[in-house]
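Here is what each chain is made of, one letter per residue.
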Amino acid sequence: MRRMLLTVLMACGMVTGAATQASAGITCVPVKAPKACEGVERCEWGGDPDAVWVEVKGGTRKLALSRAAEVRANVKAAKVKPRTLSIQARYGKKNRIALSKGYRLKGKHWYFSYKKNCWYVR
């Protein structure tokens with residue numbers, strides 16, 4: 001009888017929206033895809049909101065480097081950024097590497113909450 005009463009009271013508390021300690025500070029935010037490759041030709045990206053990798057290709061070394069610079073500018077212009085960005089620029093038929101560099105970006109970043117299983121901004 002006590003268990004039944006306790007269960008009913010807990011259910012009523014959850015329905016009315018009583019705040020628990022676990023939900024104190026983190027609010028889940030829907031993650032938007034980074035717009036690193038927006039307006040850049042022959043560009044691929046992947047990773048998660050915390051760490052993004054980008055690969056750009058160009059016919060010449062100069063073209064590949066300019067596309068890499070565009071990608072970096074796109075990511076730096078975003079409101080919420082990944083903590084790390086890795087860019088690899090390739091050129092020519094043999095896919096020679098013109099640039100392979102990692103960046104740590106300043107500003108607001110994405111973080112993952114294991115308790116709520118979602119991404120949030122800090």
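Cut-offs used in this document
- Residues numbered from 1 in each chain as written.
- Predicted model: local features only at pLDDT ≥ 70, side-chain atom pairs only at ≥ 80, totals over all residues.
- Heavy atoms only, no water.
- Pairing = 2+ DSSP bridges.
- Helix = DSSP H or I, 4+ residues; strand = E, 2+ residues; numbered from the N terminus.
- Axes fitted to C-alpha atoms, helices over the stretch in contact; angles between N-to-C directions.
- Contact = heavy atoms within 4.5 Å.
- Disulfide = S-S within 2.5 Å.
- Buried < 20%, exposed > 50% of the residue type's maximum accessible area, 1.4 Å probe, protein only.

So what's going on with the sheet that holds strand β2 (residues 51–58)? Which residues, and what values?
Sheet architecture is open: 4 strands sit in the order β1-β2-β4-β5, paired in mixed fashion. Since the sheet does not close on itself, it has two edges, and those belong to β1 (43–47) and β5 (96–104), each with one partner. Pairwise comparison of adjacent strand axes, ignoring direction, gives a mean angle of 15° for this sheet. Two elements, strand β4 (residues 84–91) and β5, share 8 bridges in a ladder whose sense is antiparallel. Residue pairing for β5: Gln-88 is matched across the bridge by Ser-100. Packed onto the sheet, helix α2 (residues 61–76) meets β1, β2, β4 and β5 and runs at close to 160° relative to β4.

So what about the state of the cysteines? Which residues, and what values?
One pass over the structure, following the stated rule, counts 2 disulfides. Across a sulfur-sulfur distance of 1.9 Å, Cys-28 and Cys-118 are joined as a disulfide pair. Disulfide Cys-28 to Cys-118: torsion about the S-S bond roughly -70°, handedness left-handed. With Cys-28 in the loop between α1 (2–16) and β1 and Cys-118 in strand β7 (residues 118–121), this pair connects stretches of sequence that are 90 residues apart. Disulfide partner of Cys-37: Cys-43, at an S-S distance of 2.0 Å. Handedness here is read from the sign of the S-S torsion; for Cys-37 and Cys-43, about -55°, the answer is left-handed. Grouping residues by exposure puts Cys-37 and Cys-43 together as buried. Cysteines bonded in the chain are numbered consecutively along the chain; their disulfide partners then correspond to 1-4, 2-3.

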